[in-house]
Amino acid sequence: MGQCRRLALRGVRGAVGKGRDFTRQTLRDWGWDRHESAEDALLVVSELVTNAALHASGCHELVLTAGEALRIDVLDGSTALPGPWTVRRPCVPGGRGLHIVQRLSDRWGSYTHGTGKAVWAEIEASRLTTGRRGPRAPAPVPGR
């Protein structure tokens, strides 16, 4: 693994915006802000932090790691892993966060740790540096 940056978000008001700003600056610092894939990363962060706020009593921490991929980990205080979801009707708001994460990231998943869990996503570094997407890995089964 390469560089790693952490942002504590437990009890922070406006966690989604702070997470996006932190990610935007990190991508800029790492030279990964020149293509549309950077916007994909910002949206993935927004969805994961929002899901933690709505379904897991809040986001505790956002961790960004640079390596062969940008790894985004969002830690919360619930050990309940994301489960299978159902597709909602187009006119009904909400319920699409993990669909968005799945579509925009190259891989995603979740794991438990201590008294909580992390939901993570990865975007290939080559995609962030060139703007081109490589072949997609098979989608994981939610909750695994």
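Residues numbered from 1 in each chain as written. Predicted model: local features only at pLDDT ≥ 70, side-chain atom pairs only at ≥ 80, totals over all residues. Heavy atoms only, no water.

Explanation requested: the side chain of Glu 122 in the structure shown.
Structurally, Glu 122 can be placed in strand E5 (residues 116–124). Residue Glu 122 is classed as buried on the basis of its relative accessible area of 12%. Among the polar contacts made by the side chain of Glu 122, one reaches the side chain of Arg 71 at a distance of 3.3 Å. (Helix = DSSP H or I, 4+ residues; strand = E, 2+ residues; numbered from the N terminus. Buried < 20%, exposed > 50% of the residue type's maximum accessible area, 1.4 Å probe, protein only. Polar contact = N/O pair within 3.5 Å; in protein donor to acceptor, adjacent residues only side chain to side chain.)

Looking at this structure, I do not really get the nonpolar core. What am I missing?
Nonpolar side chains in soluble globular proteins tend to be buried together. Ranked by internal contacts, the top residues of the largest apolar core, which has 30 residues, are Trp 32, Leu 48, Leu 62, Leu 70, Ile 72 and Val 74. Looking at this core, the elements that each hand over two or more residues are helix H1 (15–29), helix H2 (36–55), strand E2 (59–66), strand E3 (69–76), helix H3 (97–104), E5 and helix H4 (125–130). Ranked by the residues each element gives to this core, the list is headed by H2, at 7 residues. Ignoring any residue separated from it by four or fewer positions in sequence, one finds Trp 32 in contact with Leu 27, Ala 38, Ala 66, Gly 67, Ala 69, Leu 70, Ala 125, Leu 128 and Thr 129. (Core = buried A, V, L, I, M, F, W, Y, C linked by side-chain atoms within 4.5 Å. Contact = heavy atoms within 4.5 Å.)

Help me understand the packing of H1 against H2 in this model?
When two helices pack together, their arrangement is given by the angle between the helix axes and the distance between those axes. Running from N to C, H1 and H2 point in directions that differ by 150°, and their axes come no closer than 9 Å. Considered as vectors, H1 and H2 are oriented roughly antiparallel to each other. For the pair H1 and H2, the sense of crossing is right-handed. Facing Ala 15, Val 16, Gly 19, Arg 20, Thr 23, Arg 24 and Leu 27 of H1, the residues of H2 in contact are Ala 38, Glu 39, Ala 41, Leu 42, Leu 43, Val 45, Ser 46, Val 49 and Thr 50. Partitioned by chemical class, the residues of the contact of H1 with H2 number 9 nonpolar, 4 polar and 3 charged. (Axes fitted to C-alpha atoms, helices over the stretch in contact; angles between N-to-C directions. Parallel < 35°, antiparallel > 145°, perpendicular 65-115°, else oblique. Left-handed = near helix turned anticlockwise from the far one by under 90°. Nonpolar A, V, L, I, M, F, W, Y, C, P; charged D, E, K, R; others polar.)

Mind showing me how you'd approach the environment of Gly 19 here?
Take Gly 19: it is sitting in helix H1. For Gly 19 and Val 45, which are 26 residues apart along the polypeptide, the C-alpha to C-alpha distance reads 6.8 Å. Every residue in contact with Gly 19, bar those within four places of it in the chain, is listed here: Leu 7, Val 45 and Leu 62.

Help me understand the sheet that holds E2, please; the structure alone is not making it clear to me.
Across a sheet, strands are paired by hydrogen bonds formed along the backbone, either parallel or antiparallel in direction. Reading across the sheet, the 5 strands line up as E1-E2-E3-E5-E4 and stay open at both edges, with antiparallel pairing between neighbours. Looking along the sheet, the strands with just one partner apiece sit at the ends: strand E1 (4–8) and strand E4 (107–113). Adjacent strand axes in the sheet meet at a mean angle of 15° when their direction is disregarded. In terms of strand pairing, E1 meets E2 through 5 bridges, oriented antiparallel. Considered in E2, the bridge of Leu 7 is made with Leu 62. Each of E2, E3 and E5 is contacted by H2, which is oriented at about 15° to E3, the strand it contacts most. (Pairing = 2+ DSSP bridges.)

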